[in-house]
Amino acid sequence: MYQCPNCGGNLKFDIPSQQLSCEFCHTGIDPYRFHKQKDAEENTYYEATIFTCPQCGGELLSADTDATAFCSFCGASTILDSRISRERRPGYIIPFTKTKEDCKRAYSAMMKRAVFAPKELKDEKFIDSFRGIYMPYWCYHISQKNSLSLAGHTENRRGDYIVKDHYTLRGELEASYKGLSYDASSSFDDSISEKIAPYDVKGMKPFTPSFLCGFYADIADVDKTVYQPEAEAAASLASIDRICSTPEFRSYHPDRSQLSPASLGTRCEAVDGAMFPVWFLSYRSKDRVAYATVNGQTGKVIADIPVDPKKYVIGSLLLALPIFLLLNLFLILTPGKLLIASAILALISTVIYGTEFAQIARKESGLDDKGQQYRKRYFGTAETGRAAADTGPSYNLWTKPGFWCALASFAAAAAVFILNPASDLIFYGAAILSLAAVLISLLDVIKYYNVLSTRRLPQFDKQGGDDRA
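Just so it is clear, the structure is predicted and the values come from calculations on it, not from any experiment.

Undergrad: Honestly, the state of the cysteines in this entry has me stumped. Any pointers?
TA: Here is the idea: a disulfide is a covalent bond, and it sits between the sulfur atoms of two cysteines. Within this structure, the stated rule accounts for zero disulfides. Here Cys 25 stays unpaired: no disulfide links it, and the sulfur of Cys 4, its closest cysteine neighbor, is 3.6 Å away.

Undergrad: Teacher, can you tell me more about the pattern of salt bridges here?
TA: Between side chains of opposite charge, pairing is possible as soon as their charged atoms come close. Going through the model one piece at a time under the given rule, you end up with six salt bridges. Across the salt bridge formed by Arg 105 and Asp 102, the nearest N and O atoms sit 2.5 Å from each other. Taken together, the residues Arg 105 and Asp 102, both in helix H2 (residues 100-112) and three residues apart, mark about one turn of the helix. Within this structure, Glu 101, Lys 104 and Asp 128 form a network of salt bridges that share partners.

Undergrad: Looking at this model, I keep getting lost on the sheet that holds strand S3 (residues 28-29). Mind explaining?
TA: Note on sheets: strands pair through backbone hydrogen bonds, and any given pair is parallel or antiparallel. Reading across from one edge, S1-S2-S3 is the order of the three strands in this open sheet, with antiparallel pairing throughout. In this open sheet, the two strands that pair with only one neighbour each are strand S1 (11-14) and S3. Strand direction decides the pairing type here: strand S2 (residues 19-22) and S3, joined by two bridges, are antiparallel. Within S3, the position partnered with Leu 20 by the bridge is Ile 29.

Undergrad: What's the story with the packing of aromatic side chains in this structure? I'm lost.
TA: By convention here, two paired aromatic rings are described through the distance between centres and the angle between planes. Here the structure, examined in full by the defined rule, presents 21 aromatic pairs. Ring geometry for Tyr 134 and Phe 215: centres 5.8 Å apart, planes at 75°, overall edge-to-face. With Tyr 134 in strand S8 (residues 131-158) and Phe 215 in the loop between strand S10 (205-206) and strand S11 (216-218), the pair connects residues that are 81 residues apart, well separated along the chain. Both rings, one in Tyr 137 and one in Tyr 199, keep their centres 5.9 Å apart while their planes meet at 70°; by these two values the pair is edge-to-face. Taken together, the residues span a long stretch of sequence, with Tyr 137 in strand S8 and Tyr 199 in the loop between helix H4 (190-196) and S10 at a distance of 62 residues.

Scoring rules and cut-offs
Residues numbered from 1 in each chain as written. Predicted model: local features only at pLDDT ≥ 70, side-chain atom pairs only at ≥ 80, totals over all residues. Heavy atoms only, no water. Disulfide = S-S within 2.5 Å. Salt bridge = Lys/Arg side-chain N within 4 Å of Asp/Glu carboxyl O. Helix = DSSP H or I, 4+ residues; strand = E, 2+ residues; numbered from the N terminus. Pairing = 2+ DSSP bridges. Phe/Tyr/Trp six-rings, centres within 6.5 Å; stacked < 30°, edge-to-face > 60°.

Written out as structure tokens, the structure is:
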């Protein structure tokens, strides 16, 4: 779609030079000096190709017409459907500054520390599948202007007395925050966007479609009002910290509880659309998908890393043997001590099991992702085949055998210890059964840890028209 003016070859954005570069004659062009005729006709929209996955409905747009070999969201190997679309322009963009090679090195360095990760995640062919995607963000401009009056006090000791003096602290506040950013895509989980933050908004440039050449971009489908309260709260908290640390106020211990967004005169002056760079990789295993993301500006890496059960069991046994031999050198393992140790392990595995399921239930429901909640609230209709409150498979703790196994082993060990039978064989037998139950429970914990460290296959219900803006 963007052709070299010299030879007609395909233009791509070259990260090291920050220029458009021809794949054939290597001509370099300033992105702001090159405009497609249709993009230049109207400043509000630009023309792009929309790629849609036929399996999950995920959509990515690009300035190129090349079909992709797999879907970045669900990991399906499929030829994506494509169409030409006119998209609303965002105001700003942070161009990629980290190359794909930088991204691969950063990811590989992380995976060297992931001892129990599946071998597929470390395969060179898999790592080479990283894709550069511009994620949509809303950038909020928050202003604050108001007269402040709040209580303060000082305390001084005078002989046997503590004298407390009370003051009224007054001042004029005028503050401005520009570039408070939150992701505008329901497909980009808030837990990911928060972890790869921050972006340096000083690197934002006015948007031109030329920057998209050679990359993809997700579509903004979350209304700009969704994160406005969070942006206002973040600005207010920053101002409160600044006010209370100001030398003129600090020594009088100002009362923070009297400061709120309303008392600070907090207002949202403007909201700009922006695109931020992310290197994106998806790993699919049956009905789950894991994501690896790298901040395309800073190189910060965040990855969902499931555990290979075989690697974990082998590694644990290799680690347990020297620990057991070492303990035998310093401790005498009596039947009672062995039973107590097994009971403690059973109790720990029970607590881990319960905590893990609580986290899974919250994650699967998307309660911590405002973008997903917004999409479910407004677009999760019966026509899509999914209810708005659908949270996927049931993760009811009380129906899981691994939890009951750990709980029963703890109860049995405690009962034997309390009854204190005369035969050591009963202690040893109870301890062995308890440890076997703990092992079964821990294998179940690993299984559900992999559920926690991956995500359900996405099913997007994209809408048409201006809601993509």
